[in-house]
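# What the coordinates show
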Amino acid sequence: MQLLDGKATAEAIRAELRKAVEERKENGKKIPHLAAVLVGSDGGSLTYVNAKVKACDEIGFQSTLIQYQSDISEEALLHKVNELNNDPDIDGFIVQLPLPDHIDELKVTEAIDPKKDVDGFHPMNLGNMVLSLPGFLPATPAGIMELLKRNNIETSGKNCVIIGRSNIVGTPLSIMLSRNSSPGNCTVTLTHSRTANLPEVVKQADIIIAAIGRPEFVTADMVKDGAVIVDVGTTRVPDATKKRGWALKGDVKFDEVAPKCSFITPVPGGVGPMTIASLMINTLRAMDLNNK
Ligand code: GUN
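Residues numbered from 1 in each chain as written. Predicted model: local features only at pLDDT ≥ 70, side-chain atom pairs only at ≥ 80, totals over all residues. Heavy atoms only, no water.

### Considerations on the site of the ligand
To keep things clear, this is the line we draw: If a single non-hydrogen atom of a residue is within 4 Å of a molecule or strand, that residue counts as near it. Any pair of nitrogen or oxygen atoms within 3.5 Å is treated as a polar contact; in protein, a donor-acceptor pairing is required on top of that, and neighbouring residues in sequence qualify only through side-chain atoms on both sides. Shrake-Rupley sampling with a 1.4 Å probe provides the accessible areas, and residues are treated as covered by the protein chains on show and by no other component.
All residues adjacent to the ligand are K52, V95, Q96, L97, D119, F121 and I168. The contact in question runs from a nitrogen atom of the ligand to an N or O atom on the backbone of V95, over 2.9 Å. Here the ligand, which alone exposes 280 Å², has 83% of that area covered by the protein.

Right under this line is the structure:
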């Protein structure tokens, strides 16, 4: 078994991006500027947004963090989105999800200028992705593709089973892995809560992507010997042995599954750092897409 080390792979990407920033500086070009909007104080979201800002600092991007209380009105949030759309200094921005129940996530996502939508969540960018047209790819699926690519994981002709059909991971990744590209050319099965005989379906997989947010859902009996496993889960579970009182758990029961795999991502240190790296790649790409 070999670890698919997202932390090391993301560090390699950050080094490349640092170099790209230096080159832009030498050529008198604009430094990429990412803004992140966070509503409320959910612990997980706060951690992710802070990690995104920290990654910008490390690479030499500019960043702006905009924080609101959870009772901000939908109208006020949409007003801020519009302001960011029209701010020539901001090259890309994200609104961290989930949003409080009184705010319509789709309405906010659709209000973001697709040319600044570095999360790749806008319907226009998702449509461009389906047609392999230029645009922004959603950060987590793009990060997984990059992780497979940089670690020379063969995907062509492989059976890939994705568990979970979310708009931000499972559904876009099913398209990216099935198209004629490298990585890609997989035969993809997108499974969900209504899938019949899920354990047997997963057992057929050469590549398993676990993205349902249910800690330790994938057990050893569901995994074929030699499978490649990508664990997207990041659930906080109570853990009295930790000072902070919780531990991060993936969707895969790592200790019993890892010995059966050829490659497996750890949690933490697998997909998470790659999501952030992709967001940085998208932010640099925003400069090209917008001719800056
Ligand atoms: N919530 C969970 N993942 C993400 C992400 O990649 N971007 C945003 N904006 N919110 C998220």
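Having seen the model, we can carry on.
### What about the pairing of strand β5 (residues 159-163)?
Regular strands place side chains that alternate from one sheet face to the opposite one. The test is simple: Here's how the labels work: a residue is buried when its accessible area is under 20% of the maximum for its type, exposed when over 50%, partly exposed in between, all with a 1.4 Å probe on protein chains only. Every helix listed is a DSSP run of H or I at least four residues long, and every strand listed is a run of E at least two residues long, numbered separately from the N terminus. At least two DSSP bridges between two strands are required for those strands to pair. Look down the strands so they point away from you; if the path from the first strand over the helix to the second goes clockwise, the crossover is right-handed.
Extensive coverage of β5 is indicated by the burial of 4 of its 5 residues. Here β5 runs beside strand β6 (residues 187-191); their pairing, made up of 5 bridges, is parallel. Paired with V161 across the strands is T189, a residue of β6. In the classification by handedness, the crossover that spans β5, the intervening helix α7 (residues 170-178) and the parallel β6 is right-handed. Across 4 bridges, the pairing between β5 and strand β7 (residues 207-210) is parallel. Looking across to β7, one finds that I162 is bridged to I209.

### Describing unusual backbone geometry
Across the junction of S182 and P183, the peptide omega takes the value 0°, indicating a cis bond. The residue P183 is located in the loop between α7 and β6 in this model. In the segment running from V267 into P268, the intervening peptide bond is cis, with an omega of 0°. Positionally, P268 belongs in the loop between β11 (263-264) and α10 (271-289). Residue S132 is not a glycine yet carries a positive backbone phi of 55°.

### Quick look at the packing of aromatic side chains
Put simply, the rule reads: Aromatic rings from Phe, Tyr and Trp, with only the six-membered ring used for Trp, were paired whenever their centres fell within 6.5 Å, and each pair was classed as stacked if the ring planes differed by under 30 degrees, edge-to-face if by over 60, and tilted otherwise. In this scheme, Lys NZ or Arg CZ marks a charge over a ring once it lies within 6 Å of the ring centre and within 35 degrees of the ring normal.
Counted under the stated rule, the structure contains 0 aromatic pairs. In this arrangement the basic side chain of R236 is found over the ring face of W246, its NZ or CZ atom lying 3.8 Å from the centre. Above the face of the W246 ring, R244 is positioned so that its terminal group lies 4.0 Å from the ring centre.

### As for the sheet that holds strand β2 (residues 33-39)
As a reminder of what qualifies: Axes here mean lines fitted to C-alpha atoms, for a helix over just the part in contact, with angles spanning 0 to 180 degrees between N-to-C directions. Here, two residues are considered to be in contact whenever any of their heavy atoms come within 4.5 Å of each other.
Strand order across the open sheet formed by 3 strands is β3-β2-β4, with parallel pairing between neighbours. Both outer strands of the open sheet, β3 (62-68) and β4 (92-95), are each paired with one neighbouring strand and no more. Averaged over all pairs of adjacent strands, the angle between strand axes in this sheet comes to 15°, irrespective of strand direction. Where β2 meets β3, 7 bridges bridge the pair, whose relative direction is parallel. Directly across from A36, in β3, lies its bridge partner L65. Contacting β2, β3 and β4, helix α2 (residues 43-59) crosses the sheet at an angle of about 160° to β3.

### Notes on the nonpolar core
Quick note on the threshold: Note on terminology: a nonpolar core comprises buried Ala, Val, Leu, Ile, Met, Phe, Trp, Tyr and Cys residues joined through side-chain atoms within 4.5 Å.
With 48 residues, the main nonpolar core has I144, L177, I209, V230, V232 and M280 as its most contacted residues. Broken down by element, this core gets its largest block of residues, 9 residues, from α10. Excluding residues within four positions of it along the chain, I144 makes contact with L173, I209, V230, V232 and V271. Judged by nonpolar contacts, the second largest core, of 17 residues, contains V202, I208, V223 and V257.

Purely spatial values, then, with no claim about function.
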